[in-house]
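# Structural characterization, general
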Amino acid sequence: MLNGLLVYTREDAAKNEDFIQWMLDEAEKVGMKLDFFYREDLYTGIEDGKTYLRNKAHENIIRNFAIIRCIDPLFTRQLELLGIKTFNSAIIAELCNDKAKTNQVASMLGIPTADTLFVAEHQTPNIVLPYVQKSRGGRGGKDVSLIEKETPAGQNMIAQKLATPGKDVRAFIIGKEIVGAVLRTSETEFRANYSLGGKAELFTLSEKETSIVERLVSMFEFGFVGIDFIYDDKDEPMLNEIEDVVGSRTLSKLTDINTANLYLKFIKQTLLSK
């Protein structure tokens, strides 16, 4: 039987108890064994020249695969060095959790994005006001601010030209398949995140949005990600970000799509085809 780890930080696990149980239940249904671990209880390092993964009792942990639901590319890479197949991979974790790197990749692939300045430490962005300032590693609309007067930026920030406020689209991707998409809107916030009170409805991707997704999935080995779009003043789509530890709360609320089951079946198929 395929035997894997499901890994969350304690903080994130407390917010996602239902999804964790859903994953554990669905794993059993598809004939996989999945064990839940807090990231804080897993220890990694090198001893006598060899990498290891251990629990709090100093016991070595051996599994076929790991579903990483925390942002820790170094940890993910450690598991890969031990021969554990990771979902998502360390490469995807590094790309998706750094908005500057995501924008660089988009530029290489000819994918439109908002004009973006990679801000050096203590630098004051010299772009047209108002603009949006974001932490390179922020999630869920956190560490995102609308800047309306000249302000020195903090560390690890980007500054972007303001797109159409209060509107974005998230496409949910498992492997190379689009499993659904939602339009998120807000009448009170320039951020449209559902977790910040935005409204959500089902959305059918246009040819342009679908083409952007296809370019990305042709280049990268995704497990389960969200590809987010924002829109310019002509309502043309631009890549906003790729969410690594993506939640599917909105899709589950609006449809009966079983993302946990689809994700686990994809993982099983991937492992058995090796």
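Here's a quick rundown of the structure. (Residues numbered from 1 in each chain as written. Predicted model: local features only at pLDDT ≥ 70, side-chain atom pairs only at ≥ 80, totals over all residues. Heavy atoms only, no water.)

### Looking at the overall build of the chain
Using the following cut-off: To qualify as a helix, a DSSP run of H or I must reach at least 4 residues; to qualify as a strand, a run of E must reach at least 2; elements of each kind are numbered from the N terminus. Values of the radius of gyration come from C-alpha atoms, whereas the globule rule sets the reference at 2.2 Å times the count of residues to the power 0.38. Exposed residues in this analysis have more than 50% of their type's maximum accessible area, buried residues have under 20%, and partly exposed residues fall in between, with area computed by a 1.4 Å probe over protein chains only. Should any heavy atoms of two residues lie within 4.5 Å, those residues are counted as being in contact. Charge assignment in this entry is limited to Lys and Arg as positive and Asp and Glu as negative, and neither His nor the chain termini are counted. A charge is said to be at NZ when it belongs to Lys, at CZ for Arg, at CG for Asp and at CD for Glu.
The number of helices and strands found in the chain is 8 helices and 15 strands. For 274 residues, the compact-globule estimate of 2.2 N^0.38 gives 19 Å, and the C-alpha radius of gyration of the chain, at 19 Å, lies within 12% of that figure. Taken along the three principal axes of its C-alpha coordinates, the chain extends 55 × 45 × 35 Å. A burial count over the chain gives 50% of its 274 residues as buried. Residue pairs at least 24 apart in sequence account for 62% of intrachain contacts in the chain once pairs closer than 6 positions are excluded. Computed over 34 positive and 40 negative side-chain charges, the separation of the two mean positions in the chain equals 3 Å.

### Details of empty space enclosed by the protein
Note the cut-off: The distinction between a cavity and a pocket rests on a 1 Å grid over the protein atoms alone: a 1.4 Å probe fits inside a cavity but cannot get out, while a pocket stays open yet meets protein on both sides within 12 Å along at least five of seven lines, and a residue with an atom within 4 Å of a point counts as lining. Grid points are joined across faces, edges and corners, and a volume is the space filled by probe spheres set on the points.
For the structure on display, the rule yields 4 cavities of 30 Å³ or more. A volume near 70 Å³ is recorded for the second largest cavity. Considering the residues around the second largest cavity, the lining is formed by 14 residues, among which Cys 96, Asn 97, Gly 138, Arg 139 and Glu 243 are closest to the centre. Sort the elements by how many residues they give to the lining of the second largest cavity and strand β15 (residues 237–243) lands first, with 3 residues.

### Description of the nonpolar core
Formally: In these notes, a set of buried Ala, Val, Leu, Ile, Met, Phe, Trp, Tyr and Cys residues joined through side-chain atoms within 4.5 Å is what counts as a nonpolar core.
With 27 residues, the main nonpolar core has Met 23, Phe 65, Ile 67, Tyr 263 and Ile 267 as its most contacted residues. Those elements that provide at least two residues to this core are β1 (2–8), α2 (17–29), β2 (32–38), β5 (65–68), β11 (167–174), β12 (177–185) and α8 (259–272). Other than its neighbours up to four places away in sequence, Met 23 contacts Leu 6, Leu 34, Ile 67, Ala 260, Tyr 263 and Leu 264. Counting 24 residues, the second largest nonpolar core, distinct from the first, contains Ala 171, Leu 216, Ile 227 and Tyr 231.

### A few points about the pattern of salt bridges
Keep this limit in mind: A side-chain nitrogen of Lys or Arg and a carboxyl oxygen of Asp or Glu constitute a salt bridge if their distance falls within 4 Å.
Under the counting rule described, the total for this entry stands at 19 salt bridges. For Lys 167, the salt bridge is made with Asp 235, and the minimal N-O distance between the two is 2.7 Å. Here Lys 167, found in strand β11, pairs with Asp 235, found in the loop between β14 (224–231) and β15; they are 68 residues apart in sequence, far enough to count as distant. The class of Lys 167 is partly exposed, set by a relative accessible area of 22%. A salt bridge links Lys 208 to Glu 236; its shortest N-O distance comes to 2.5 Å.

### Description of the sheet that holds β2
Our working rule: Should DSSP find at least two bridges between two strands, the strands are regarded as paired. For helices, the fitted line uses only the C-alpha atoms of the stretch in contact; every axis is such a line through C-alpha atoms, and the angle between N-to-C directions lies from 0 to 180 degrees.
Spatially, β2-β1-β5-β6 is the arrangement adopted by the 4 strands of the open sheet, whose pairing is parallel. Each edge of the open sheet is held by one strand with a lone partner, namely β2 and β6 (85–87). Geometrically, the sheet is characterised by an average inter-axis angle of 25 degrees between neighbouring strands, direction not taken into account. Here β1 pairs with β2 via 7 bridges, running parallel. When the sheet's bridge partners are listed, Leu 6 is paired in β2 with Phe 36. Most of the contacts of α2 go to β2, to which it runs at about 155 degrees, and overall it touches β1, β2 and β5. Docked against the sheet, helix α3 (residues 73–81) engages β1, β5 and β6, running at close to 170 degrees with respect to β5.

### Some points on the packing of aromatic side chains
Here is the rule: Centres within 6.5 Å make a pair out of two Phe, Tyr or Trp rings, where for Trp the six-membered ring is used; the pair is then stacked when the planes are under 30 degrees apart, edge-to-face when over 60, and tilted otherwise. A ring has a charge above it when a Lys NZ or an Arg CZ is no more than 6 Å from the ring centre and no more than 35 degrees off the ring normal.
The tally for this structure, following the rule as stated, stands at 6 aromatic pairs. Relative to Phe 266, the ring of Phe 87 lies with its centre 6.3 Å away and its plane at 85 degrees, an arrangement referred to as edge-to-face. Of this pair, Phe 87 sits in strand β6 while Phe 266 sits in helix α8, placing them 179 residues apart in sequence. Just as Phe 87 is buried, Phe 266 falls in that class too. An aromatic cluster of three or more residues is present, and its members are Tyr 8, Phe 36 and Tyr 38. Residue placement shows Arg 54 over the ring face of Tyr 52; its charged tip is 3.9 Å from the ring centre.

### A few points about the environment of Val 182
Note on placement: Val 182 falls in strand β12. Leaving out residues up to four positions away in the same chain, Val 182 has contacts with Asp 168, Val 169, Arg 170, Phe 172, Glu 201, Leu 202, Phe 203, Thr 250, Leu 251 and Leu 254.

### Let's talk about the layout of surface pockets
Empty space within the largest pocket amounts to approximately 930 Å³. Considering the residues around the largest pocket, the lining is formed by 32 residues, among which Asn 16, Arg 139, Val 245, Gly 247 and Arg 249 are closest to the centre. With 4 residues, α2 is the single largest residue contributor to the lining of the largest pocket. Volume-wise, the second largest pocket comes out at about 300 Å³. Lining the second largest pocket are 19 residues; nearest its centre among them are Lys 85, Thr 86, Ser 89, Glu 221 and Phe 222.

Spatial relationships are all this shows, so hold off on functional conclusions.
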